[in-house]
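For reference, the chains in residue letters:
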Amino acid sequence: MIVEQVAAQSAERMAALHEKCFDHPWPASEFASLLSMTSTRAFAVQRDGCHIALVLVRIAADEAEILTVGVDPAERGKGLGMAVLERAEQAVADLGAISLFLEVNQHNDPARALYTRAGYSEIGRRPRYYRGRDDALIFRKTLLERGQTGA
Ligand SMILES: CC(C)(COP(=O)(O)OP(=O)(O)OC[C@H]1O[C@@H](n2cnc3c(N)ncnc32)[C@H](O)[C@@H]1OP(=O)(O)O)[C@@H](O)C(=O)NCCC(=O)NCCS
């Protein structure tokens, strides 16, 4: 599997995959807008001209944030989610990030399992953050140095 860095030209393909992954997907215009910023990076695994896994990350000084991660439902459980996440971590570490943050719905068990397995720790909670119902859990991972990570 090859994880590639992708740019704004991928916005339509990113939106198509996002739609398969989320109840409230982002439109292609949102991906295009985010990817036009120098602070964001996107990585994807492609097959037959489609994205089957993606991650979007934003860096600000020595902190970075995973904005979204998703894998085609037909391709889950094969390590793709972990692969794109690790690629994003490496990219922001190379750019000087020390801490990486993300938010996840309290009921999203697969994502919570992925982040825990990847070495993230739960550090906080935003009550009723998602549409006034579900809590958002805040996870953080400390990036020690290039190629090395720790909770
Ligand atoms: C979360 C998501 C990205 C995981 O992608 P994936 O490619 O299936 O994950 P991987 O195969 O790389 O799994 C890596 C690890 O995560 C954990 N994991 C992933 N899915 C899991 C599941 N359904 N149940 C339990 N553990 C799971 C496992 O520990 C797994 O490692 P292991 O197989 O060695 O035990 C995928 O389920 C997805 O796209 N969900 C919808 C979008 C979403 O919720 N994104 C996150 C928003 S915050």
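See the structure above.
For the structure given in this document, a descriptive report is provided here. (Residues numbered from 1 in each chain as written. Predicted model: local features only at pLDDT ≥ 70, side-chain atom pairs only at ≥ 80, totals over all residues. Heavy atoms only, no water.)

1. Some words on helix H3 (residues 80-94)
Part 1: Taking 1.5 Å of rise per residue, the 15 residues of H3 would be expected to cover 21 Å, and the 21 Å separating its terminal C-alpha atoms lies within 8% of that figure.
Part 2: All of the buried residues in H3 are Leu 80, Gly 81, Ala 83, Val 84, Leu 85, Ala 88, Glu 89, Ala 91 and Val 92.
Part 3: Backbone geometry just downstream of H3 places Gly 96 in the positive-phi region, at approximately 105 degrees. (Helix = DSSP H or I, 4+ residues; strand = E, 2+ residues; numbered from the N terminus. Expected span 1.5 Å × (residues − 1). Buried < 20%, exposed > 50% of the residue type's maximum accessible area, 1.4 Å probe, protein only.)

2. Topic: the packing of H3 against helix H4 (residues 109-117)
Part 1: Running from N to C, H3 and H4 cross one another at 50 degrees; their axes reach a closest spacing of 11 Å. Regarding the angle of H3 to H4, the classification is oblique. As for the relative orientation of H3 and H4, their crossing is right-handed in sense. On H4, the residues that touch Gly 81, Met 82 and Leu 85 of H3 are Leu 114, Tyr 115 and Arg 117.
Part 2: Residue classes in the contact of H3 with H4 are distributed as four nonpolar, one polar and one charged. (Axes fitted to C-alpha atoms, helices over the stretch in contact; angles between N-to-C directions. Parallel < 35°, antiparallel > 145°, perpendicular 65-115°, else oblique. Left-handed = near helix turned anticlockwise from the far one by under 90°. Contact = heavy atoms within 4.5 Å. Nonpolar A, V, L, I, M, F, W, Y, C, P; charged D, E, K, R; others polar.)

3. With respect to the side chain of Glu 75
Part 1: Following the sequence through the fold, Glu 75 ends up in the loop between strand E4 (63-71) and H3.
Part 2: Those residues in contact with Glu 75, other than ones at most four positions away along the chain, are Arg 47, Ile 52 and Leu 80.

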